[in-house]
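Notes for the structure review
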Amino acid sequence: MAMAGRIRSSVPRLTKALMSDSVSTQRLNVERALICPNFTDPQVVQSRNFASASSTKEPKIKVPVAMFGGSGNYASALYIAAAKAKTLEKVEAELLDLVAASQKSPTFSQFMKDLAVPADTRVKAMTQICDQAKFSEITKNFLVVLADNGRLRHVDTIAKRFSDLTMAHRGEVKAIVTTVIPLPAEEEKELKDTLQEILGKGKKVKLEQKIDPSILGGLVVEFGQKVFDMSIKTRAKQMERFLRDPINFDA
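Residues numbered from 1 in each chain as written. Predicted model: local features only at pLDDT ≥ 70, side-chain atom pairs only at ≥ 80, totals over all residues. Heavy atoms only, no water.

1. Some details on the environment of V180
Heads up, the condition is: Under the DSSP-based scheme used, a helix requires at least four consecutive residues in state H or I and a strand at least two consecutive residues in state E, with every element numbered from the N terminus. Should any heavy atoms of two residues lie within 4.5 Å, those residues are considered in contact.
Summarising the element assignment, V180 is placed in the loop between β1 (172-179) and α10 (185-199). Apart from residues no more than four positions distant in its own chain, V180 is found in contact with I211, D212, P213, I215, L216 and G217.

Printed below as a string of structure tokens:
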């Protein structure tokens, strides 16, 4: 309810500089200036890449993993902005906090998904929420861009893609293990150690457990681009296909 109250309430106006512009110019400035506060030349940056602008003196930052699609582009732009500000971990934590808040509050979740809400209302509400949560300027400005562009409904996907980038930056590789019940601590450690041996030095396994009773038993491990399916469900299907295949006695 507190979150819903903050959403409904208004906040002070944006800066005088933004308010003095027309609505269309204001939104363009939000895209290219708020995420990249050092940006000064409006002729340099493209509207789809609001994090590409930087002075020639700044070190060039590249994303550790190529991202595609709208969510990937937003995550990549945010990564570059946060890396320049040296706030990768803080921005990641703040994004995940926002996603968690939306999952706990149906009202907040609906607000972010509802495109019928005017852009100005979304911007004002998100600005107030970020101020009260004391989010960093990078996170706040990024969420303002999403609010203004009607992309808040994709924030959970963007947060996941951003986490993939920060994990790659830290040399971490996510391994998702799916089981019927949670793995005991000893088995979890054994699996993690095995995957770590496969990776070798310089990389660190980050194990994530998922529960899915439909696999019936065993486990499924998603590791990098590979999937090791050792579930009872899959083995049962394989056995079923084997039994259905005709037997050639003449072979």
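2. Looking at the nonpolar core
Grouped burial of nonpolar side chains is what soluble globular proteins tend to show. Rules: What makes a nonpolar core is a set of buried Ala, Val, Leu, Ile, Met, Phe, Trp, Tyr and Cys residues whose side-chain atoms join them at distances within 4.5 Å. Exposure classes here rest on a 1.4 Å probe applied to the protein chains alone. A residue is buried below 20% of its type maximum, exposed above 50%, and partly exposed in between.
Within the largest apolar cluster, 37 residues are counted, with the highest numbers of intra-cluster contacts made by F108, F111, M126, L143, L146 and F162. Counting residues per element, the ones that place at least two in this core are α4 (69-85), α5 (88-104), α6 (106-113), α7 (119-133), α8 (137-149) and α9 (155-169). When near neighbours in sequence (up to four residues on either side) are disregarded, L143 contacts L95, L98, M126, C130, F135, L152 and V155. One finds L183, L191, L207 and V221 within the second-largest nonpolar core, a separate group that totals ten residues.

3. Focus: the pairing of β1
The cut-off we apply is this: For two strands to be treated as a pair, DSSP must find at least two bridges joining them. Crossovers are marked right-handed if the path from the first strand over the helix to the second runs clockwise, as seen with the strands pointing away from the viewer.
Most of β1 is tucked away: seven of the eight residues are buried. With eight bridges joining them, β1 and strand β2 (residues 204-211) adopt parallel strand pairing. In the strand pairing of β2, I176 is matched with E208. Considered for its hand, the β-α-β crossover made up of β1, α10 and β2 is right-handed.

4. Some thoughts on unusual backbone geometry
Located in the positive-phi region is K86, a residue other than glycine, with phi close to 60°. Tracing the chain through its elements places K86 in the loop between α4 and α5. The phi angle at L216 is positive, at roughly 75°, despite the residue not being glycine. With respect to the helices and strands, the residue L216 is situated in the loop between β2 and β3 (218-223). Overall, L216 belongs to the exposed group, its relative accessible area being 55%.

5. Quick word on a nonpolar patch on the surface
To keep it simple, the criterion reads: Like-charged residues within 9 Å of one another, or nonpolar side chains (Val, Leu, Ile, Met, Phe, Trp, Tyr) within 5 Å, are grouped into patches, provided each residue has over 30% relative accessible area and no salt bridge. Each accessible area value is a Shrake-Rupley result obtained with a 1.4 Å probe; residue values ignore everything except the protein chains displayed when judging cover. Between Lys or Arg on one side and Asp or Glu on the other, a salt bridge is scored when a side-chain nitrogen of the former is within 4 Å of a carboxyl oxygen of the latter.
A surface patch of nonpolar side chains, amounting to about 370 Å² of accessible area, comprises M239, F242 and L243. Relative to the elements of secondary structure, M239 occurs in helix α11 (residues 232-244).

6. A few points about the side chain of K140
Secondary-structure assignment places K140 in helix α8. Once you skip the residues sitting within four places of it in the chain, K140 turns out to touch T127, C130 and D131.

7. Thoughts on the pairing of β3
Judged from the four bridges that link them, β1 and β3 form a sheet pairing that is antiparallel. Paired with T178 across the bridge in β3 is V220. Summarising the sheet, β3 and strand β4 (residues 226-231) pair through six bridges and their orientation is antiparallel. Across the sheet, residue V220 finds its bridge partner in β4, namely D229.

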